[in-house]
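# Breakdown of the fold
These are the residues of each chain, in order.
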Amino acid sequence: MGKFSDRDFRYQSDLTDADFETLAVRAGHVRSANGEHSEAIYLTSSYVFNSAAEAAARFSGDEEGNVYSRYTNPTVRTFEERLAALEGGEDCAATASGMAAIYSVVIAHLKAGDSIVVSRNVFGSTNVLFEKFVRKFNIDVRYVDLLDLKAWAEAIDSTTRMLFLESPSNPMSEIADLQALADLAHKHDALLVVDNCFCTPALQQPLKFGADLIIHSATKYIDGQGRCLGGAVVGSKQLIEPVIGVLRSAGPTLSPFNAWVFLKGLETLSLRMKAHSENAMVLARWLQQQSQITKVNYSGLEDHPGHELAKKQQSAFGGVLSFEVKGGQQAAWQLIDGTRMISITANLGDTKTTVTHPASTTHSRLSPEDRARAGIGDGLVRIAVGLESIEDIQKDIALGLAAIG
Ligand SMILES: *Cc1c(COP(=O)(O)O)cnc(C)c1O
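Bear in mind that the values here come from a model prediction, so they are computed numbers and not experimental data.

### Here we look at the UniProt feature "modified residue: N6-(pyridoxal phosphate)lysine" (unreviewed entry) in the protein
Those residues carrying the UniProt feature "modified residue: N6-(pyridoxal phosphate)lysine" (unreviewed entry) are Lys220 in this numbering. Mapped onto the elements of the fold, Lys220 is located in the loop between strand S8 (213-217) and strand S9 (231-235). Here Lys220 falls in the buried class, since its relative accessible area comes to 11%. Excluding its chain neighbours within four sequence positions, the residues that come into contact with Lys220 are Phe123, Cys197, Asn347, Leu348 and Gly349.

Structure below.
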């Protein structure tokens, strides 16, 4: 019997050696006696016991089983097992959002007096969580450039317990050397935590390169259709256990309905990530040929500084790219306003293509100096390429380009 199995009353299938696509469809499913083919949604807050003695045994932990859905829920557990299988991790803790995943990891693994070294270009709310709240508990937060290995090494001291990054980065598609950073972290007894939201396990499995914990905003590509908020943490049983402790006591757990939506998302994840990546690759090359565009940032392009590393760490380059238009913010806004189909929203990981102006939205909290340092100019436009036909996406951006005065 494999660890990740598709079981019912009729047969037991061993998925131990199953491929990614198979695990994505079947791992973690435990059928009820009703024989449902699709995973059931267990919408229940609590569970009943056959006797007072059984209740006592469940509460004491002598007997395994559900007690309360803040602790365990069968639908949520199926999602956790499936995502753990896809990342190649031992265990997974699902959370109410991507931010709840980051919060739980930090609270579970850091204490007052510790320090964390963070890539400067992390997601905006991650930055706010660290600056406004984590710091309050006397945990020092140090920022470094994602690609500057020397800076990472110099920022670490005896108090450092965690390195935190995203790769590829948003919106410049910079690629971190995961193995080098994992080695550096381990040399100092620290954990490497990777937010794998942009790639998902379909394109990149950071545990294979030595990362210790994986963060997901399931809200993005795992759902893939812009419906539900959720998140997850994946890693060894030993590192996930304290995260589960935080979730049970603090409460930012995933709802069973959202877990079910994400299960359906995982089933098509591999196909979707390939299609997002293919569309993005074609669009990146097309954008390079447009006279009003001076630079395209996409690690799939041969001249991108992270291209070779991306090829080593990822099976494709993902759906997010950015480009710089001549004429600064005015031209960027005219382009965005000139499109007719593409959604103007900072969200990503959706079947629908989205466009945003990082300098005035997602990265507006950074100082102009920090933005310049990160390469985020006023003329920069980010596209999260969806699953519409690439011809229609190009046509829409061409409308935007034509609208630049
Ligand atoms: C969206 C996002 C998050 C936060 O996820 P939520 O589900 O919105 O809480 C964290 N990291 C990255 C890279 C994201 O894009």
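### Considering the layout of surface pockets
The volume enclosed by the largest pocket comes to roughly 1,100 Å³. What lines the largest pocket is a set of 37 residues, among which Gly65, Asn66, Thr72, Asn73 and Arg77 lie closest to the centre. Of all the secondary-structure elements, those providing two or more residues to the lining of the largest pocket are helix H2 (52-60), helix H3 (74-87), strand S3 (91-95) and helix H9 (237-250). Taken together, the residues of the lining of the largest pocket break down into 15 nonpolar, 11 polar and 11 charged. Along its surface, the second largest pocket is lined by 25 residues, and Met172, Glu174, Lys295, Pro305 and Ala374 are the ones closest to its centre. Considering each element in turn, the lining of the second largest pocket owes the most residues, 5 residues, to strand S10 (residues 293-297). Across the lining of the second largest pocket, the residue classes break down as 11 nonpolar, 7 polar and 7 charged.

### So, the site of the ligand
In the vicinity of the ligand, 13 residues are found, and the nearest of them are Gly98, Asp195, Ser217, Thr219 and Lys220. Between the ligand and Gly98 there is a distance of 2.8 Å, counted from an oxygen atom to a backbone nitrogen or oxygen. The separation between an oxygen atom of the ligand and a polar side-chain atom of Ser217 is 2.8 Å. Computed on the free molecule, the ligand has an accessible area of 380 Å², of which 92% lies beneath the protein chains in the complex.

### As for the domain arrangement of the protein
According to the domain assignment, the protein contains domain 1 (69-266) and domain 2 (269-402). Relative placement of domain 1 and domain 2: their C-alpha centres are 24 Å apart. With 34 residues of domain 1 at the contact, the number on the domain 2 side is 37 residues. Between domain 1 and domain 2 the total buried area reaches about 3,000 Å² when both faces are included, carbon and sulfur atoms providing 56% of it. On the domain 1 side of the contact with domain 2, Met172, Leu203 and Tyr221 bury the most area, a combined 26% of that side's loss. On inspection of domain 1 and its partner domain 2, the count reaches 1 salt bridge. Across the pair Arg373 and Asp145 runs a salt bridge, and its minimum N-O distance is 3.8 Å. If you list the elements that add at least two residues to the side of domain 1 that touches domain 2, you get helix H5 (124-133), helix H7 (178-187), helix H8 (200-203) and helix H10 (256-267). Considering each element in turn, the side of domain 1 that touches domain 2 owes the most residues, 4 residues, to H8.

Cut-offs and rules
- Residues numbered from 1 in each chain as written.
- Predicted model: local features only at pLDDT ≥ 70, side-chain atom pairs only at ≥ 80, totals over all residues.
- Heavy atoms only, no water.
- UniProt positions renumbered as here; feature names shortened; annotations may be inferred.
- Helix = DSSP H or I, 4+ residues; strand = E, 2+ residues; numbered from the N terminus.
- Buried < 20%, exposed > 50% of the residue type's maximum accessible area, 1.4 Å probe, protein only.
- Contact = heavy atoms within 4.5 Å.
- 1 Å grid on protein atoms, 1.4 Å probe; cavity = no way out; pocket = protein on both sides within 12 Å on 5 of 7 lines; lining within 4 Å.
- Points joined across faces, edges and corners; volume = space filled by probe spheres on them.
- Nonpolar A, V, L, I, M, F, W, Y, C, P; charged D, E, K, R; others polar.
- Near = heavy atom within 4 Å.
- Polar contact = N/O pair within 3.5 Å; in protein donor to acceptor, adjacent residues only side chain to side chain.
- Areas by Shrake-Rupley, 256 points an atom, 1.4 Å probe, with all protein chains shown as cover.
- Domains from an automatic or database assignment.
- Buried area = accessible area lost by both parts, 1.4 Å probe.
- Salt bridge = Lys/Arg side-chain N within 4 Å of Asp/Glu carboxyl O.

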